[in-house]
Amino acid sequence: MKVYADNAATTAVSPAVLQAMLPFFTEQYGNPSSVHGVGQEAAKALDAARAQLAALLHAEPKEIYFTSGGTEADNWAVRIALENGARKNKRHIVSTAFEHHAVLHALKKAEKDGAEVTLLDVHADGLVRLEEVAAAIRDDTALVTIMYANNEIGTLQPIPEIGRLCREKGVLFHTDAVQAMGHVPIDVAAQNIDMLSLTAHKFHGPKGVGALYCRAKIPIPIFIEGGAQERGKRGGTENVPGIVGMTAALAEACRNMDEDDRRVAGLRDKLIEAVAAIPHSRLNGDRERRLPGIANFVFEGIEGEGLLLLLDMAGICASSGSACTSGSLDPSHVLLAIGLPHEVAHGSLRLSLGAFNTEEEIDYIIKTLPPIVERLRSMSPVWERIRKGA
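Residues numbered from 1 in each chain as written. Predicted model: local features only at pLDDT ≥ 70, side-chain atom pairs only at ≥ 80, totals over all residues. Heavy atoms only, no water.

## With respect to the state of the cysteines
Disulfides are covalent bonds that connect the sulfur atoms of two cysteines.
Here's step 1: The tally for this structure, following the rule as stated, stands at 0 disulfides.
Here's step 2: With no disulfide of its own, Cys-214 has Cys-166 as its nearest cysteine by sulfur position, at a separation of 15 Å. (Disulfide = S-S within 2.5 Å.)

In structure tokens:
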């Protein structure tokens, strides 16, 4: 059996989304900036997609900027906050220690350029504390950026409460919603979100396309020079098939969200209960405040790389953390941030489920995983010491 349990890395494109995209490769393939009829057909599709995406976020079309994905949107949001803050002598940013590297690396560059960054702890449950966010905000704080849901352990942050706090204090609030979008209800207006990043391939859309929501009246610097696209802020011919596909995918995800979330969460819980029976294993992050499809475990006494290879040989696609750092030999910065020691964090496994997973597949994982863990431990001198209580 083949089981794809790495939906947090990327998802299969929905058949309906593929059908929505196809005409824009072969029939309505015009450049939206062209004045002729074929170009204007593409421009109409672009405008319709922007309006639909805005409606799904409870935003205005003029607040949506299309990007190449979540990483670009994250970088743009940090730049917007820093350039606006510099005009008011505000160069301080508040974030967390377990953000995606798209944010963390952008913040490192900001520090090199003179900004000051405060990274909050997320504690053993993988949750940031609202009172710690409040205590970190200063008179010179230009931005608070905290991810909606962690991409490795799946924990959901108190975004509406953080948004309300930032609005009260007059500080811009950005959330990286890449992992959450399409899986939990998001209303940028009701949740007091000033900027939000998303990408299509996390909710059964195509790769290489995303968006930045930026609340109206926030001045936006030019991010990519070279053309008048995206109201002059991001040059480059728009990816019309991708944008159409992204909007169709999000509409489909929102339409089916309640049903899919219930079913996927049930599969996730079944998996969690079964893995809990494996000695010296643990679930990472809060048991309840998490995305429906993500479960991240550690198994003492083994290395995650060996676990992934043997699972792959058994037909199960999984990961040890973010796909963006899969080539790194270091343990996950997310697991270190929630307090796991290096030697334990190395034995991590992320199983991320989606709308296309079945109960039969979960049963297969439950049957296959324990013998693999046992096999790896039988070859591990570390496990022998753990077993003897050393």
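## Topic: the side chain of Asn-7
Here's step 1: Tracing the sequence through the fold places Asn-7 in the loop between β1 (3–4) and α1 (15–21).
Here's step 2: Other than its neighbours up to four places away in sequence, Asn-7 contacts Gln-179, His-204, Ser-352, Leu-353, Gly-354 and Asn-357. (Helix = DSSP H or I, 4+ residues; strand = E, 2+ residues; numbered from the N terminus. Contact = heavy atoms within 4.5 Å.)

## Digging into the pairing of strand β5 (residues 141–145)
Here's step 1: With 5 of 5 residues buried, β5 is to be regarded as a mostly interior element.
Here's step 2: Bridging between strand β3 (residues 92–96) and β5 involves 3 bridges; their strand directions are parallel. By the bridge assignment for β5, Ile-93 is matched with Leu-143.
Here's step 3: Taken together, the 3 bridges between β5 and strand β6 (residues 172–176) define a ladder with parallel strand orientation. Residue pairing across strands places Thr-145 opposite His-174, the latter belonging to β6.
Here's step 4: In this region the chain leaves β5, passes through helix α7 (residues 159–169) and returns to the parallel neighbour β6; the handedness of that crossover is right-handed. (Buried < 20%, exposed > 50% of the residue type's maximum accessible area, 1.4 Å probe, protein only. Pairing = 2+ DSSP bridges. Right-handed = clockwise from strand over helix to strand, strands pointing away.)

## Side note on the packing of helix α3 (residues 37–57) against helix α8 (residues 240–255)
Here's step 1: One can describe the packing of α3 onto α8 by two numbers: an axis separation of 9 Å at closest approach and a directional angle of 30°. With respect to their mutual orientation, α3 and α8 come out roughly parallel. Two packed elements cross with a definite hand, and for α3 against α8 that hand is left-handed. Contacts from Ala-42, Ala-45, Leu-46, Ala-49, Gln-52, Leu-53 and Leu-56 of α3 reach α8 at Val-240, Ile-243, Val-244, Met-246, Thr-247, Leu-250, Ala-251 and Cys-254.
Here's step 2: In the contact of α3 with α8, the residues fall into 13 nonpolar, 2 polar and no charged. (Axes fitted to C-alpha atoms, helices over the stretch in contact; angles between N-to-C directions. Parallel < 35°, antiparallel > 145°, perpendicular 65-115°, else oblique. Left-handed = near helix turned anticlockwise from the far one by under 90°. Nonpolar A, V, L, I, M, F, W, Y, C, P; charged D, E, K, R; others polar.)

## A look at helix α5 (residues 101–112)
Here's step 1: The end-to-end C-alpha distance of α5, which contains 12 residues, comes to 16 Å, matching closely the 16 Å that a straight helix rising 1.5 Å per residue would cover.
Here's step 2: Among the residues of α5, Ala-102, Val-103, Leu-104, Ala-106, Leu-107 and Ala-110 are the ones counted as buried.
Here's step 3: Where the residues of α5 are buried, they touch α4 (70–86), β3, β4 (116–120), β5, β6 and α11 (333–337). (Expected span 1.5 Å × (residues − 1).)

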